[in-house]
Structure formats: structure tokens, C-alpha cells
There are 2 protein chains.
Amino acid sequence: MAARYIEIKNSIKDDILSGRYQVGEKLPSERELAPVYGVTRVTIQKSMHMLEQEGFIERIHGKGMFVANTLAENVYFLNDGPSDAFLGFSREFGSKANITSRLVSQQLITAPEHIIKALNLTRDAQVHAIRRVRLIDTVPVLVEDSWIVQAVIPVIPASVLDKGSLYEYIERLTHKKIKFYNSVIEASLFDETLASLLDVAVNSPMLKVTGTTKLDDGSLFNYSCSYNRADKFRVKNNWVGK
Amino acid sequence: MAARYIEIKNSIKDDILSGRYQVGEKLPSERELAPVYGVTRVTIQKSMHMLEQEGFIERIHGKGMFVANTLAENVYFLNDGPSDAFLGFSREFGSKANITSRLVSQQLITAPEHIIKALNLTRDAQVHAIRRVRLIDTVPVLVEDSWIVQAVIPVIPASVLDKGSLYEYIERLTHKKIKFYNSVIEASLFDETLASLLDVAVNSPMLKVTGTTKLDDGSLFNYSCSYNRADKFRVKNNWVGK
DNA sequence: TAGTGGTCTAGACCACCTG
DNA sequence: AGGTGGTCTAGACCACTAG
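The sections below set out a description of the structure shown in this document. (Residues numbered from 1 in each chain as written. Chains lettered and ligands numbered in written order. Predicted model: local features only at pLDDT ≥ 70, side-chain atom pairs only at ≥ 80, totals over all residues. Heavy atoms only, no water.)

## Concerning the protein's contact with DNA strand C
Rule in force here: Near is defined per residue: the residue qualifies when any heavy atom it owns lies within 4 Å of the molecule or strand. Pairs of N or O atoms are called polar contacts if they sit within 3.5 Å, as long as, within protein, a hydrogen donor faces a hydrogen acceptor (for residues adjacent in sequence, only side-chain-to-side-chain pairs). Segments assigned H or I by DSSP are reported as helices when at least four residues long, segments assigned E as strands when at least two residues long, and all are numbered from the N terminus. All amino acids are sorted into three groups, where Ala, Val, Leu, Ile, Met, Phe, Trp, Tyr, Cys and Pro are nonpolar, Asp, Glu, Lys and Arg are charged, and the leftover types, Gly among them, are polar.
R41 and R59 of chain A together with R4, T40 and T43 of chain B are the nearest of the 27 residues found near DNA strand C. Take the atoms of DNA strand C that sit within 4 Å of the protein: sugar and phosphate atoms are 62% of them. Here R41 of chain A contributes a side-chain N or O atom positioned 2.7 Å from a base nitrogen of DNA strand C. Within the contact set of DNA strand C, a phosphate oxygen lies 3.4 Å away from a side-chain nitrogen or oxygen of K63 of chain B. Counting only elements with at least two residues in the surface near DNA strand C, the list comes to α2 (30-37), α3 (41-53), β1 (57-60) and β2 (64-67) of chain A together with α1 (4-17) and α3 (41-53) of chain B. Of the residues belonging to the surface near DNA strand C, the class tally is 7 nonpolar, 11 polar and 9 charged.

The following block contains the structure:
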């Protein structure tokens, strides 16, 4: 049972995506929307601020709220999609494109130095080291490396890695929500290994996203690094001034 | 006069940056902080949610709020810094490094097709086309192209472009706040022209940020594109799950 | 002046975590 | 059980925009 303001946000987002509100159209005011949904203005405001941050509407003080003109191109936005956060590839794009995975390698290893540091592990901690290729409509678009702490997730079936969502598996297994994807975005180039996995030229541009994931009890359990084809992926920003 | 929750956010951020709160330390609870600042819990919550999104603290339901371990490296974060938004280079980094600018070119031209489209201009609109190189401690790190609508900003003194902050000039001139920097991040490669301006190798990796800027009355007035050395810049993300 | 979003209060109940 | 953050109410005043 999601919070009311999430439900309202999604309801209005659907109204926008389905065209019931046209681009540029003025939305009803907060004071009009509140009684429609049976909540107070503060709750409506929380919904609308989220919609603004997600880029669907624009709020202008003294004028009102307006449907933003959302750009539609032939690229994918890493932080777009139906969910409320950036929590993994399958979950983001599963609904709008035909996503498949190919498991490249899976090993249980002693955590390497940079993983120990990133996840605050002890020196002999064991981690699942996983490399997968993700494809959209049979076209390989990114490589994702994951290092998952074995103490938290004992086993990971290959079937999950080969087509399912790793994050959904983990949430089902632990009965906890995945909470953080505190990540860093940078640009780099594809080396020989990665380029061959994606069938692109060596030294072609890459959008690299690294980050850690926690369960909602605060336990760090995953460090991941995704190597995305720069011609396929962008990141949308909605840093709102003020 | 900033809003109270902004003041409180900055006050606590200062406490973190100055080390009065140690990394990992538990912060006072919302119910403790509220009377300290003479506000209600809702106001404290707004401050703390901002601090969370900016990556300074972590909130854990039922446990408390904790100072996040902020990574310090030899790179700059495009969305780091003291301000509340990503509103231009000078403003972000001016306080922590020696920033200079070099004006490469400035012309008043008829808006090219992609600018007309991005800014919803009429076909014969005039724009200032500006290219600047930015340097940190005399090292060139990025090229920024700006297209600014002449109807909104009639003249732009070369002195502003050569060392001042263009955005501050515009806010002073218009007596309005700059409101949106709705941007898109992608990876690309430096071509000959840009590489020579930054003294890097052709085809070295680039973090490209494009976006538009509005005044707070909603008027689009600027399209900009910055070409950032990938070895110098990252973008921090704080997509918080839930 | 009327309507809009922006901020804030005082209080309530819920969900979660720890002892 | 007691403390924490998460959500929500009902109402107020302010700042901004428009006719």
C-alpha cells in the first residue's frame, strides 16, 4: 500500500502520459486538486513536487502548473521510467522494451581491494562477482558488473541472472526494500574486452555509472558498475533552481 | 531572505563540512532539532530531505539520521558545491578553486535550427552565440557554448564573459532568479576543435551536459552545452529509492 | 483584487527499529 | 515499550502573477 502522495503522483502522471492533459496545458490548481483526491494541499504539493523533479510538469509561482514538453528520442534515459528510483535496468525498461540478459561470468571470490573499501568489508569477505550483458531487442547496449556480498545474499541462481531482475530477486529473498542507489556518473571509453561484448568499436564513448546499493536497514550489500553505450543512453537531470 | 528550511539545511551542512559532526555520526532526531531551530518537525524534515538528496546525510526509518561518508577525490562534481542548484560553473566552483574564463568567440547571429527548436523561438530570432573555455588553476577543463536570446538579454559585456559569472550578470540585469537548468548528460568524444581548446587528445572522453535555462517567470532564454574533460568531472547522483 | 504556488504551524497516527 | 522517521490534516500567512 503506497503512500497517498505516490498514488496521486502516479495518477496524474498517467493522465499526462495518456494525453488527458496536453503538453503545455495548465493543470488544476493545488486547491482544486486537493478535494478531488480527498487530501489536503500539502499532500498534493508533495505529489506535484515529485512530478516536477521527474520532469513531467513545471510549477510557476503565481501562475500555476503546466505539463512539460517531454522530449521523445531514440535514446533511453537511465533515470527515466515508471519506478520511483533508479534501481536497476530490468525494472526501469522492462515495461517499454524487450529486455534480455546474457550472463557472461559468475564467480564467488574474495573481495578485491576497491570493493572492500566501497562496501566497508573485512579483508576476507566473499562476494559474488557477476558480469552481465543487457540487450534491448537483441541489441547489446550495456555491460553490468556487480559485486554482491555473500554474507547478505548467500546464493544467486543463474536463472535470475540470465533473464530475471537481480534486484527483485534480492527484495523477495530478504523481504527488505532496496533503498539507495547512490551513484556517480562519468564518461569513459570502451576497452577491447567491453567493446567486444557489446559489438562496438574500441574507444567508442561510454557512460559509466558506479554505485552502491543498500537494503533499507542500512546494510551495504552491492557495488555495481555499468558500462553504457553512449549512443543509446543519456541521463536526464531535473535540478530545479531556487 | 531565504526560507527557514534553507537556512537550517545550510547550517547543518556547515556543521558537517566543518567536522562538528563526524562521518557516520548520528544526528539529533527531528524532534530534538525542531525546538533548537524554533520550528516544527515538518520544517526540519524539509531541510533534512534536502541534505539527504545532496548526499550529506542518510536517513534510516526507525534508527535516525547519520552523516554520510562523502568521497573526496581529485575530481570535481558538476552538481556539487554550495548552491542549491546547478546554475553554472563560476557559481559552483568559485569558492573552492581558482576559476578563470577565456572568451573564445562571441557573435550575434540568427538562431540556428536546433536552438529555435529548443527555445521555441521564431524563425528570425537573434541570439548571442558564446563560446568560452573555463580553467581551474590555469588548467583548461571545459568548453561551454551558450546561446542567449537577445530579446531577453540585449547586450552582454565581454568583461562578464571573460571572468565574471554570466548567470549572476543575468540575474542582476533582469532582477529575476534563474530557475531551471533542465539538463541532459551524455558521453561523447572530443573532436579536433574542442580538443585543441582544452589541450587534450582528440577522441579523449567527454562528459557533455546540455540544457536550457529559464527566468523564474517561465521565459526560456538560454540553451547551453558544456564539454567537460572526463578525467576532471563527474556527476553525483542521489537517487534515493523507496 | 483574486488566484496561484511557497512556506510554516501544531498536532496526530503510522511503520520501523532496538532493547 | 519507547524512540525514530514517514505521512497526513486543517488552517494560516506570504510572495508572486495577472487582469
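## Observations regarding the protein's contact with DNA strand D
Residues in contact with DNA strand D amount to 28 residues; listed here are only the nearest, R4, T43 and H61 of chain A together with R41 and R59 of chain B. Per the 4 Å cut-off to the protein, sugar and phosphate atoms form 59% of the nearby atoms of DNA strand D. With respect to DNA strand D, the backbone of G62 of chain B contributes an N or O atom lying 3.0 Å from a base nitrogen. Looking at the surface near DNA strand D, the elements that each hand over two or more residues are α1 (4-17) and α3 of chain A together with α2 (30-37), α3, β1 (57-60) and β2 (64-67) of chain B. Counted by class, the surface near DNA strand D contains 7 nonpolar, 11 polar and 10 charged residues.

## What about the packing of aromatic side chains?
Residues and elements named next belong to chain A. Here is the rule we go by: Ring geometry is summarised as follows: Phe, Tyr and Trp rings, the Trp one being its six-membered ring, pair when their centres sit within 6.5 Å, and such pairs are stacked at plane angles under 30 degrees, edge-to-face over 60 and tilted between the two. A simple rule labels every residue: compare its accessible area, found with a 1.4 Å probe on the protein chains alone, to the largest value its type can have, and call it buried under 20%, exposed over 50%, or partly exposed in between. Ring-over charges, as used throughout, are those where CZ of Arg or NZ of Lys falls within 6 Å of the ring centre and within 35 degrees of the ring normal.
Taken as a whole, this structure holds 2 aromatic pairs over all chains when the rule is applied. With a centroid separation of 5.9 Å and 45 degrees between ring planes, the pair formed by W147 and Y223 is classed as tilted. One end of the pair, W147, is in strand β6 (residues 139-149); the other, Y223, is in strand β9 (residues 220-229), and 76 residues separate them in sequence. Of the two residues examined, W147 and Y223, each falls in the buried class. Over the aromatic face of Y5 sits the side chain of K46, whose NZ or CZ is 4.6 Å from the ring centroid.

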